[in-house]
Amino acid sequence: KIVSDSHPLKEIKTSDKVTWLGFSKNISRFKNILLKSFFVILPLKTDYLNSAAGNSIAFLSMAAGKIILCKETPYMSNFIKDGENGFFYKELSTANLLKQINRISKLSKKEKTTISAQARKTILQKASLENLITELKARYFFKSL
């Protein structure tokens, strides 16, 4: 399933194997779609300037214990270690995505379980709201007293 508010690409034909769903129209179903997925791909244009682009979906996916494939950026590298708790592509192209999709599809059940668990652990440690609030309080609140 492709969940995006972008227009369906001509290269991707909707079929019994590929379904294009509008993200905004299906936001209430997103959790169920996510939980049924084997892995999540975040296809961002290579020249996209926002290093944190896609982090909301990446973090939600990782928190749900899903393997993600996303663009390697300095920001995302703070959270994802390729092959350990997710996967990167350097440049958005069919060849690069296929290479990484093949890499993911060849994971053993044990490897998939380990990477999925590590993805969830990473988000709980590095991107939890509780940790963010603690860090902000330590950085800004207590220094001003």
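Further up the page is the structure itself.
The structure reproduced in this document is the subject of the present report. Keep in mind that what you see is a predicted model, and the values were worked out from it rather than measured.

## Looking at the side chain of S61
Turning to step 1, where the next piece is worked out: On the secondary structure map, S61 appears in helix α2 (residues 55–63).
Turning to step 2, where the next piece is worked out: Overall, S61 belongs to the buried group, its relative accessible area being 0%.
Turning to step 3, where the next piece is worked out: The contacts of S61, once residues within four sequence positions are left out, are L34, V40, K66 and I68.

## Focus: the pattern of salt bridges
Turning to step 1, where the next piece is worked out: Going through the model one piece at a time under the given rule, you end up with 3 salt bridges.
Turning to step 2, where the next piece is worked out: Across the pair D82 and R103 runs a salt bridge, and its minimum N-O distance is 2.7 Å. Of this pair, D82 sits in the loop between β4 (67–71) and β5 (87–89) while R103 sits in helix α3 (residues 94–105), placing them 21 residues apart in sequence.
Turning to step 3, where the next piece is worked out: Close ionic contact of E135 with R139 constitutes a salt bridge, the shortest N to O distance being 2.7 Å. With E135 and R139 both in helix α5 (residues 129–141) and 4 residues apart, this pair spans about one turn of that helix.
Turning to step 4, where the next piece is worked out: With a relative accessible area of 41%, E135 lands in the partly exposed category.

## Details of a nonpolar patch on the surface
Turning to step 1, where the next piece is worked out: Together, L129, L132, I133, L136 and Y140 line one region of the surface with nonpolar side chains, adding up to about 510 Å² of accessible area.
Turning to step 2, where the next piece is worked out: Inspection of the secondary structure puts L136 in helix α5.

## Comments concerning α3
Turning to step 1, where the next piece is worked out: Taking 1.5 Å as the rise per residue, α3 with 12 residues should run 16 Å; its terminal C-alpha atoms sit 16 Å apart, in good agreement.
Turning to step 2, where the next piece is worked out: Residues L97, Q100 and I104 constitute the buried set of α3. Considered in projection along α3, the buried side chains sweep an arc of 70 degrees and stay on one side of the axis. Of the exposed residues in α3, the ones pointing more than 90 degrees away from its buried face are T94, A95 and K99.
Turning to step 3, where the next piece is worked out: Turning to α3, the residues buried within the fold contact β3 (39–42), β4 and β5.

## Some thoughts on the sheet that holds β5
Turning to step 1, where the next piece is worked out: Across the sheet, 3 strands lie side by side as β3-β4-β5; this open sheet has parallel pairing. Since the sheet does not close on itself, it has two edges, and those belong to β3 and β5, each with one partner. Ignoring which end each strand starts from, the neighbouring axes of this sheet average 20 degrees apart.
Turning to step 2, where the next piece is worked out: Sheet analysis places β4 next to β5, joined by 3 bridges and oriented parallel.

Parameters and conventions
Residues numbered from 1 in each chain as written. Predicted model: local features only at pLDDT ≥ 70, side-chain atom pairs only at ≥ 80, totals over all residues. Heavy atoms only, no water. Helix = DSSP H or I, 4+ residues; strand = E, 2+ residues; numbered from the N terminus. Buried < 20%, exposed > 50% of the residue type's maximum accessible area, 1.4 Å probe, protein only. Contact = heavy atoms within 4.5 Å. Salt bridge = Lys/Arg side-chain N within 4 Å of Asp/Glu carboxyl O. Patch = residues over 30% accessible without salt bridge, like charges linked within 9 Å, V, L, I, M, F, W, Y side chains within 5 Å. Areas by Shrake-Rupley, 256 points an atom, 1.4 Å probe, with all protein chains shown as cover. Expected span 1.5 Å × (residues − 1). Arc of directions from axis to C-beta. Pairing = 2+ DSSP bridges. Axes fitted to C-alpha atoms, helices over the stretch in contact; angles between N-to-C directions.

Read these as geometric descriptors, not functional statements.
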